[in-house]
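# Summary of structural features
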Amino acid sequence: MLDAVIALFWEHGFEAASLSEIVDAAGLNKSSLYNTFGSKDELFHRALDRYVTMREQMLAEATGGDRGIDDLLALVDLVGVELLSPDGRRGCLAINTTAELGFDSDRVIDMAQRYRDSIRTAMRRPLERAAKLGEIEGDLVEVYVDTAMSYLMAASLVARGGAPPAELERHLDSMRRLVESWRTS
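I will try to describe carefully the structure that is included in this document.

The rules behind each value
Numbering of residues starts from 1 in every chain and runs along the sequence as written. Where local features are concerned, this predicted model is filtered to residues with pLDDT of at least 70; where side-chain atom pairs are given and counted, the filter is 80 or more; whole-chain, interface and lining totals use all residues. Side-chain numbers here rest on the full set of heavy atoms in the structure, without hydrogens or water. Only centres within 6.5 Å qualify two rings of Phe, Tyr or Trp (six-membered ring in Trp) as a pair; their planes then separate them into stacked at under 30 degrees, edge-to-face at over 60, and tilted for everything else. In this description a helix means any DSSP run of H or I spanning at least four residues, a strand means any run of E spanning at least two, and both kinds are numbered starting from the N terminus. Think of it in three bands: with a 1.4 Å probe and only protein chains considered, a residue is buried below 20% of the maximum accessible area for its type, exposed above 50%, and partly exposed in between. Cation placement over rings: the criterion is NZ of Lys or CZ of Arg within 6 Å of the ring centroid and within 35° of the ring normal.

### Quick look at the packing of aromatic side chains
Tallied over the entire structure, the rule returns five aromatic pairs. Judged by centre distance (4.0 Å) and plane angle (5 degrees), the rings of Tyr144 and Trp182 are stacked. Here the residue Tyr144 occupies a position in helix H8 (residues 141-160), and Trp182 occupies one in the segment after helix H9 (165-181), the gap between them amounting to 38 residues. The two residues Tyr144 and Trp182 agree in class, both being buried. Through a chain of ring-to-ring contacts, the aromatic side chains of Phe9, Phe14 and Phe44 assemble into a single cluster. Sitting over the ring of Trp10, Arg90 keeps its end group 4.2 Å from the ring centre.

### Considerations on the environment of His45
Summarising the element assignment, His45 is placed in helix H4 (residues 40-62). Separated by 18 residues in the primary sequence, His45 and Gly27 place their C-alpha atoms 18 Å from one another.

Treat this as a map of the structure, not an account of what it does.
As structure tokens, then:
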């Protein structure tokens, strides 16, 4: 049920998702929805938390290898496959929510920080291994973490903005080339 609600919020955002659409997506009647979740806001935050938790698991798995730069490139490729999929064209629910609700909600601010921290950790893993393997300069790990993180978050917004696949592929190719240029060996 939460997955169906995630899809609805992901497609429309919090503000534009109507109560009737939420009830239909959840497969509950209005009173059951309110008895279970209390409010649209609470349902949204439960769905958002589930989404972020799933993303954290995906990021941890994607960057849990034993290679350096090649693992980061594999993550870029995974993001590319996702962004070019029908779901990926909607961008990232967490990033979309941050853009939509921003400073209007302490819960959104906390979620956005949690999500950025997860991305930062995921990006740091292969880059720290790359430094240990001598693939990159160790004192540039944090610079590269920030660069990769910003680049991939921006790619999500480009996808959400309706960029055609060819444009998204150019952005992803640029990211791959940039990461390759970090190699010292």
